[in-house]
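Architecture at a glance
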Amino acid sequence: MAVMTFAAIDIGSYEVSMKIFEMSKRIGFRELNDVRYSLEIGKGVYSDGKIDSEMLNVLCEVLNDFKRLMQDFGVEEYRVCGTSAFRELVNPLLIIEQIYQRTGMKIEILSSAEQHFLGYKSIAAIEKGFKKMIQKGTAILDVGGGSLQVSLFDKDALVTTQGLKMGSLRIRQRLQELEKTTIHYDKLVEEFIRNDLMSFQRLYLKDKDIKNVILMGDFITDMIFQEEMEDKIITREEFMKRYEDTVGKSVDLLAQEMEIDPEYASLVVPTMVVCRNFIDIFNAESLWAPGVSLLDGIAYDFAEKKKFIKSVHNFENDILVTSKNIAKRYSSSKSHIQGTMNLCLNIFDSMKKVHGMGARERLLLQIAALLHDCGKYISMEKVSECSYQIIMSTDIIGLSFMERQMIACAVRFNNSAFVHYDELYSMGIAIDRESYIKVAKMTAILRLANAMDRSHYQKVKGIKAVLKDRELQMIVDSAQDISLELGLLKDKEAFLNLVKESGRSSWELLQNITPAAAITHQDMAVALAVAEKALNGKGACRVHGGGFAGTIQAFVPVEDVCEFKKTMETMLSEGCCHVLSIRPAGGLIL
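This text gives an overview of the structure that appears in the document. Position numbers for residues count from 1 along each chain, tracking the sequence in the order it is written. This being a predicted model, a pLDDT of at least 70 is required before a residue's local features are given, and a value of 80 or more before pairs of side-chain atoms are given or counted; all residues contribute to the totals for chains, interfaces and linings. Hydrogens and water are ignored here; the side-chain numbers use all heavy atoms of the structure.

Our focus in this paragraph is the sheet that holds strand S10 (residues 233-235). The six strands are arranged S8-S7-S6-S9-S11-S10 in an open sheet whose pairing can be described as mixed. Strands at the two margins of the open sheet, each flanked by one partner only, are strand S8 (157-164) and S10. Strand after strand, the sheet turns through a mean of 25° between neighbouring axes, direction not considered. Judged from the two bridges that link them, strand S9 (residues 212-216) and strand S11 (residues 286-288) form a sheet pairing that is parallel. Residue pairing in the sheet places Val213 in a bridge with Leu287 of S11. Any two residues whose heavy atoms approach within 4.5 Å are treated as being in contact. In this analysis an axis means a line fitted to C-alpha atoms, helices contributing only their contacting stretch, and an angle means the value between N-to-C directions, from 0 to 180 degrees. By definition, any uninterrupted DSSP run of H or I lasting at least four residues is a helix, any uninterrupted run of E lasting at least two residues is a strand, and each is numbered from the N terminus. Contacts from helix H8 (residues 185-204) reach strand S7 (148-154) and S8 within the one sheet, and its direction differs from that of S8 by about 155°. Two strands are counted as paired when DSSP detects at least two bridges linking them.

Right, here's the structure in full:
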């Protein structure tokens, strides 16, 4: 039976850690080694957004030590992740490149949503009681060095997840000067976090009944509650007893009593104050601390993708439920977004061989359909732009930054002009060309599905799209009058037909593309014929301006632009084809 050795590395705010795992279909995955090195990368990052050269040197040395250890264990594959400290770097790409040149390791920066999703996976994977626990109101607290993630569950579904800049190292950095002026450091921390805490309670807890609290991370279990962790349950009385016995002590005394490094000891009080305040607002009677970390989640995710294990929990459903709750928060029409999503899936599934996208893109399309109308909550006039900003400003658990950008772009271009790739940079959008093509396909499907429910009456119950002889045919299931929906689809098609007919009139009837008495000069006719052949029934082309000027105009589907340009320049001459974009507004007074 095939056995694989895998390493997970976490470059956190206050330590660099690695776990090595053995994986197979028989055992799933099990931990072979756990090593960590105290390194406060977040110390400089949270104050000025930079890692100094000395800190970078130490980090590279630690990673090279990890590489040697991986070789000793025969590690076949590994994953290196940076979290909040890397997210807040001013120049992350330069730092990542320097580390790669010196260690050969490529660092992946996790979004806060990705980071928390992996941590959440580690709990679901290791603890059998997790599924039963989340049937009732449950909160997961993940107190990191730079940020705090809170997830709320109810009836086996993830209701919301929120990130707060309330990490233990960040708090210590912000209050380090004030700490010297008070003997009640815990009260200072409590006041510092109070505003964010009250805002969270007001916005997300008003109708929630939280019965259980799960504490994520191994810092709490390995360093603060070592004695109480036999059954992994900490009662409220046990927590408060340890809290009162801890918060008044100095860092040196805590380091001595807990037998930990002073740098770790300095994080104990901020961590405990944050946890205690959340326990109070949840009114929790006990806490469950399974002792798992991000590294366990990274290993679980890898094992799941390699099919060493099969999850009993539907994580994809958590992403969709979270997206539905975001749509609900912005008062989107539940019936419309559900109907549009169903039509999107009908079109997607019936055209798999045409668009070539997979299961992950299908999920992204579902989310785009759920969130395409959320911008109306802010502005009915600028729905696309507002929807884009909402999506980009909202952490959606389980999605990378690039995936969130793809969803936001598909939603943005649902109602606004689709732009050429070169224009994205000026709009502040950073996606690669492969993702851009996927966005184009997702946008096309979303536009079609949205048009089929323009009235918001969900007249169309099902739709199947078939490509025959390069012509898209749609079979619509509806018992109602869909004149409006069909009319809107025809409007999209009518523009291109007008372009074609107008061009054909200039070319074949008026014959104004060839100079008088110069019948051997057929350059324009050849160019138009080549363009029509290249378009193959899609888009449109015609003479542009005065025919004698030697310019034609072509409207080309976004996904075919590169191939069209290549064909035209091969047949005519290199550099003859220029890709243009037309802005929504015409002439403007500046």
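Let's shift gears to the packing of helix H7 (residues 168-179) against H8. Closest axis-to-axis distance for the H7/H8 pair is 11 Å, and the angle between their directions is 130°. Relative to H8, the element H7 is oriented oblique. Crossing angle aside, the handedness with which H7 passes H8 is right-handed. The residues of H8 that touch H7, namely those facing Ile171, Arg172, Arg174, Leu175, Leu178 and Glu179, are Tyr185, Leu188, Val189, Phe192 and Ile193. Looking at the contact of H7 with H8 residue by residue, the classes come out as eight nonpolar, no polar and three charged. Oblique is the label for any angle not under 35 degrees, not over 145, and not in the 65 to 115 range, which are roughly parallel, roughly antiparallel and roughly perpendicular in turn. Crossing chirality is assigned from the near helix's rotation relative to the far helix, an anticlockwise turn below a right angle marking it left-handed and a clockwise turn marking it right-handed. Gly counts as polar in this scheme, as do all residues outside two lists: the nonpolar Ala, Val, Leu, Ile, Met, Phe, Trp, Tyr, Cys and Pro, and the charged Asp, Glu, Lys and Arg.

Our focus in this paragraph is the pattern of salt bridges. Whenever Lys or Arg places a side-chain nitrogen within 4 Å of a carboxyl oxygen from Asp or Glu, that contact is recorded as a salt bridge. Per the counting criterion, the structure on display carries 31 salt bridges. Among the salt bridges present, the one from Asp34 reaches Arg36, with a minimum N-O distance of 3.4 Å. A 1.4 Å probe rolled over the protein chains alone gives each residue an accessible area, and that area as a share of the maximum for its type sets the label: buried under 20%, exposed over 50%, partly exposed in between. Overall, Asp34 belongs to the partly exposed group, its relative accessible area being 32%. Here Asp349 makes a salt bridge to Arg362, at a shortest N to O gap of 2.9 Å. On the criterion of sequence distance, the pair formed by Asp349 in helix H16 (residues 334-350) and Arg362 in helix H18 (residues 359-371) is long-range, its members being 13 residues apart. Classification of Asp349 as partly exposed rests on a relative accessible area of 33%. Here the salt bridges share partners, and the residues they tie into one network are Arg79, Glu108, Lys121, Asp301, Glu304 and Lys305.

Attention now moves to a nonpolar patch on the surface. Taken together, the side chains of Val526, Met571 and Leu572 make up a nonpolar region of the molecular surface, amounting to roughly 270 Å² of accessible area. Structurally, Met571 can be placed in helix H24 (residues 561-571). The patches reported here contain residues having more than 30% relative accessible area and no salt bridge. Joining distances are 9 Å for like charges and 5 Å for nonpolar side chains (Val, Leu, Ile, Met, Phe, Trp, Tyr). The protein chains shown are the only cover counted for residues, whose accessible areas, like all others here, come from Shrake-Rupley with a 1.4 Å probe.

Right, let's get into the sheet that holds strand S3 (residues 28-38). Spatially, S3-S2-S1-S4-S5 is the arrangement adopted by the five strands of the open sheet, whose pairing is mixed. With one partner strand each, in any of the chains shown, S3 and strand S5 (107-109) form the two edges of the open sheet. Across this sheet, the average inter-strand angle for adjacent strands is 25°, counted without regard to direction. Note: strand S1 (residues 4-11) against strand S4 (residues 77-82), six bridges, orientation parallel. Within S4, the residue paired with Ile11 across the bridge is Gly82. Docked against the sheet, helix H2 (residues 53-73) engages S1, strand S2 (15-24), S3 and S4, running at close to 20° with respect to S2.

To pair, rings of Phe, Tyr and Trp, with the six-membered ring standing in for Trp, must have centres within 6.5 Å; the planes then decide the type, stacked if under 30 degrees apart, edge-to-face if over 60, and tilted in the middle. Applying the stated criterion across every chain yields a total of 17 aromatic pairs. Taking the centre distance of 5.3 Å and the plane angle of 70° together, the rings of Tyr421 and Tyr436 count as edge-to-face. Residue Tyr421 is located in the loop between helix H20 (401-415) and helix H21 (433-451), and its partner Tyr436 is located in helix H21; the two are separated by 15 residues in the primary sequence. A single burial state applies to Tyr421 and to Tyr436, both of which are buried.

Along the chain, Lys121 turns up in helix H5 (residues 112-126). Relative accessible area serves as the criterion here: at 6%, Lys121 is assigned to the buried category. In this view, Lys121 contacts Tyr300, Asp301, Glu304 and Phe315; residues no more than four positions away in its chain are not counted.

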